[in-house]
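Observations on chain architecture
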Amino acid sequence: MHFRKGCMAEAGLTASALITGTAVAAIFIFLFLFALPVFTGGQGLAILSGEWSPFKGQYGILPMLAASLCVALSALAIGWPLALGLCCGIRGFLPRPLGRALLVMLRGMTAFPTVVYGFAAFFLLVPIMREALGRGSGLNWATASLVLALVILPTMALVMDAGMRQTEKSLRLTGAALGFTREQTLAHLVLPACRKSLFAAAALGFGRAVGDTLIPLMLAGNAPQWPAMASDSIRTLTAHIGLVLATDSNSAAYGSVFVAGCLLLLVNVAVQLSLRFCLKTGKTE
Amino acid sequence: MNKPGLHLLRAAVWIAALLVPLALAALTGVLVVRGAGALDVDLFFGGVPALAAITGRIPVWDGIWPACAGTVSLLALTMLLALGPGIGCGIYLATCAPTRIKAVLGFAIDLLAGIPSIVMGLFGFTMLLLLRRTIAPQASASLLLAACCLALLVLPVLVSTTRAALEALPLRLHLTGAALGLGKWQTIRHILLPSSARGILGGVLLAAGRAAEDTAVIMLTGAVANAGLPAGITSRFEALPFSIFYRSSQYRDALELQQGFATTLVLLTLSLALLAGASKLQRTLEQRWQGTRENY
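Residues numbered from 1 in each chain as written. Chains lettered and ligands numbered in written order. Predicted model: local features only at pLDDT ≥ 70, side-chain atom pairs only at ≥ 80, totals over all residues. Heavy atoms only, no water.

**Examining the overall build of chain B**
As a reminder, the rule being used: Think of it this way: any DSSP run of H or I at least four residues long counts as a helix, any run of E at least two long counts as a strand, and we number them from the N terminus. Buried means the residue's accessible area, taken with a 1.4 Å probe over protein chains only, is under 20% of the maximum for its type, while exposed means over 50%, and partly exposed covers the values in between. A contact between two residues is defined here by any heavy atoms of the two lying within 4.5 Å. Method for areas: the Shrake-Rupley scheme with a 1.4 Å probe, in which residue coverage is limited to the protein chains shown. His is not counted here, nor are the chain ends, while Lys and Arg score as positive and Asp and Glu score as negative. Charge positions are represented by NZ for Lys, CZ for Arg, CG for Asp and CD for Glu.
Secondary structure assignment for chain B yields twelve helices and zero strands. Seen in sequence order, chain B has helices and strands lined up from the N terminus as α-α-α-α-α-α-α-α-α-α-α-α. Structurally, chain B occupies a C-alpha span of about 65 × 65 × 40 Å along its principal axes. Here chain B, with 296 residues, has 52% of them falling under the buried criterion. Taking the contacts inside chain B whose residues are at least 6 apart along the sequence as the reference set, 72% of them involve residues at least 24 apart. When the accessible surface of chain B is summed, it comes to about 13,300 Å², and 65% of that surface belongs to carbon and sulfur atoms. Measuring between centres, the 21 positive side-chain charges of chain B sit 13 Å from its 12 negative side-chain charges.

So, in structure tokens, the structure goes:
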């Protein structure tokens, strides 16, 4: 009786693992299948051209890809040093109670819904940006990447912190033997030793930033053009998907949505592979 | 690291430690200042008597009650769909998966965790197109479709927290099972699962938080601005995050805007409460086993 129960339970567990695996495969297969007609349907590679002007029948999504990468990289450039600063503060540069308070704040920030950031920034930061630039609507690359930096910050900081805590534990005695203060141990021993988790934090943050929809959709202005200046209004791949599907526009634009989805999937695969490469553990965050 | 480097790092620490809390305080401050005034019964029920509104006898048009009900039913349906596969897969990975499968499945879960939520919504949209072309021409965006996509989105959270909770248990407990002559499944069922239950429950709350805040998925799979109370799992619905997104661009007067701010406060409270519950549960689990783990 118990033997049979055990068999059934194991079958159940295997089945749930199978469901999960199948779901992942299904997402990839479906999106690529739906994107395929865009390439085989006469237009060829026109979808990857550099211009988006539906009235001329041109549906190139390269400007959106560029916008996605630009917003994500600039958010990373703002957010990563801040995350590193916070982590160093928590692990030794700041008084312990202050560090503990910062850690609690970071944990809390992981629960902040992105739509809340978007909403608050829409009414606080956007008017400031409009004033500061003196022209335009304040919905632009700079606004979006500032808020996005704040969105991806807790993820990055917590990954860094986990890595640093591990390394600090094993290097504390070494530091003490060298007569280092906690600050010196951190700067000279711990930071160089956990270079990999610093890189992993950047990769993870980049993945989150590329994949975020609400912040660019609400704050970046959504004009499908090549990003040139920080005050330019731009449209990311994620915002493009949301806009085209939400407005039910002409079906010719539909194809570009699936191609955009596939591009985002490919970016995700690249991020995960680089994470694998630098962490070498089979765990998610 | 040389001396200027150390100074630079120290400067970065202070800048970050001042700037980030300041930015966060400014953003939440603006929500509280402009939304706190509208946080009352009218925000939820829009002038309709509370009891009549909750039971659905009188439809609510000016309040966020339909959105709250939509979010709650969406959460319930999502967790119903995700709990089985999520926890099951987590247990499988932690206890009985062969090494090779562990590596492959672990990578698949990582990939799933990294898929942007809008792409998950797009996947739901393609499923809908497929259903329309094949077996169900009447299929439309609905609560069920949104819940399916959200379930996929939160699945990796469930899997990895369950797996971590089980793997954090001390070896002692596995040995206890063997010493009592229990089989593999009996050890899992009677010893390992009860000991890690709090951690798993914490993961469930985390997953619920993820599902409650997501906007991009439901935007493509059935959330609308005016649907009233959810009529069934095949109808469209309202949800808190979507109504916030909608209010940011489509408000008619100052009162609606103020209600938008108050709605963000409600959603923020819900998310933070779920997180607080999750971390409390996980902390008690850690405290219970951390001391004993060092000895083995």
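**Some words on the overall build of chain A**
Scanning chain A for helices and strands turns up ten helices and two strands. The N-to-C order of helical and strand elements in chain A reads α-β-β-α-α-α-α-α-α-α-α-α. Each principal axis of the C-alpha distribution contributes one length, and for chain A these read about 75 × 70 × 30 Å. Counting only residues that meet the buried cut, chain A has 55% of its 285 residues in that class. Within chain A, counting contacts between residues at least 6 apart in sequence, those at least 24 apart form 69% of the total. Element-wise, carbon and sulfur atoms account for 68% of the exposed surface of chain A, whose accessible area totals about 12,300 Å². Positive and negative side-chain charges of chain A, numbering 20 and 10 respectively, have mean locations separated by a distance of 12 Å.

**Brief notes about the packing of helix α8 (residues 171-179) of chain B against helix α9 (residues 184-213) of chain B**
Residues and elements named next belong to chain B. Stated precisely, the cut-off is as follows: With axes taken as lines fitted to C-alpha atoms, and helix axes fitted only over the stretch in contact, angles between N-to-C directions fall between 0 and 180 degrees. In this scheme, roughly parallel covers angles under 35 degrees and roughly antiparallel covers those over 145, while 65 to 115 is roughly perpendicular and the rest are oblique. Take the far helix as the reference: if the near one is turned anticlockwise from it by less than a right angle, the crossing is left-handed, and if turned clockwise, right-handed. Under this grouping Gly is polar, as are all residues other than the nonpolar Ala, Val, Leu, Ile, Met, Phe, Trp, Tyr, Cys and Pro and the charged Asp, Glu, Lys and Arg.
Viewed as axis vectors pointing N to C, α8 and α9 meet at an angle of 155°, and their least axial separation amounts to 10 Å. Taken together, the axis directions place α8 and α9 in an arrangement best described as roughly antiparallel. For the element pair α8 and α9, the recorded crossing hand is right-handed. The residues of α9 that touch α8, namely those facing Leu173, His174, Thr176 and Gly177, are Thr187, Ile191, Leu192 and Ser195. For the contact of α8 with α9, the residue count by class is three nonpolar, five polar and no charged.

**With respect to the pattern of salt bridges**
Keep this limit in mind: The term salt bridge refers to a side-chain nitrogen of Lys or Arg lying within 4 Å of a carboxyl oxygen of Asp or Glu.
Tallied over the full model, the rule gives seven salt bridges over all chains. If you follow the salt bridges from partner to partner, you end up with Arg91(A), Asp161(A) and Arg165(A) in one network.

**Structural notes on the packing of aromatic side chains**
In plain terms, the rule: Put simply, two rings from Phe, Tyr or Trp (the six-membered ring, in Trp's case) pair if the centres are within 6.5 Å, and we call them stacked under 30 degrees between planes, edge-to-face over 60, tilted for the rest.
For the structure shown, the criterion picks out twelve aromatic pairs over all chains. Centroid distance Phe30(A) to Phe123(B): 5.7 Å. Interplanar angle 75°. Geometry classified as edge-to-face. On the criterion of chain membership, the pair formed by Phe30(A) in helix α1 (residues 2-40) and Phe123(B) in helix α6 (residues 117-133) is interchain, its members lying in two chains. The pair formed by Phe30(A) and Phe123(B) is uniform in burial state, with each residue classed as buried. Consider the rings of Phe34(A) and Phe258(A), whose centres lie 5.3 Å apart with planes at 40°: the pair is tilted. With Phe34(A) in helix α1 and Phe258(A) in helix α10 (residues 254-279), this pair connects stretches of sequence that are 224 residues apart. Phe258(A) carries the same exposure label as Phe34(A), and that label is buried. Linked through ring pairs, Phe119(A), Phe122(A), Phe123(A), Tyr251(B) and Phe261(B) together constitute an aromatic cluster.

**Describing the nonpolar core**
Rules: Here, nonpolar core refers to any group of buried Ala, Val, Leu, Ile, Met, Phe, Trp, Tyr and Cys residues whose side-chain atoms link them within 4.5 Å.
Among the nonpolar cores identified, the biggest contains 172 residues, and Cys88(A), Met109(A), Tyr117(A), Ile241(A) and Ile218(B) are the most heavily contacted of them. Among the elements that line this core, the one with the most residues is helix α5 (residues 141-177) of chain A, at 16 residues. If we ignore the near neighbours within four places in the chain, the residues touching Ile241(A) are Val257(A), Ala260(A), Gly261(A), Leu264(A), Ile118(B), Leu122(B) and Leu220(B). Ranked by size, the runner-up nonpolar core spans 22 residues in total, among them Tyr92(B), Ala94(B), Ile109(B) and Ile188(B).

**Some details on the interface of chain B and chain A**
Stated formally: Accessible surface is computed with a 1.4 Å probe, and the buried area is the amount of it that two parts give up when combined, taken over both parts together.
With 79 residues of chain B at the interface, the matching set in chain A holds 75 residues. Taking both partners together, chain B and chain A bury about 6,800 Å²; carbon and sulfur atoms supply 82% of that area. For Arg276(A), the salt bridge identified is with Asp110(B), shortest N-O distance 3.2 Å. In terms of residue count, the dominant contributor to the side of chain B that touches chain A is helix α1 (residues 3-35) of chain B (19 residues). For the side of chain B that touches chain A, the residue count by class is 58 nonpolar, 13 polar and eight charged.

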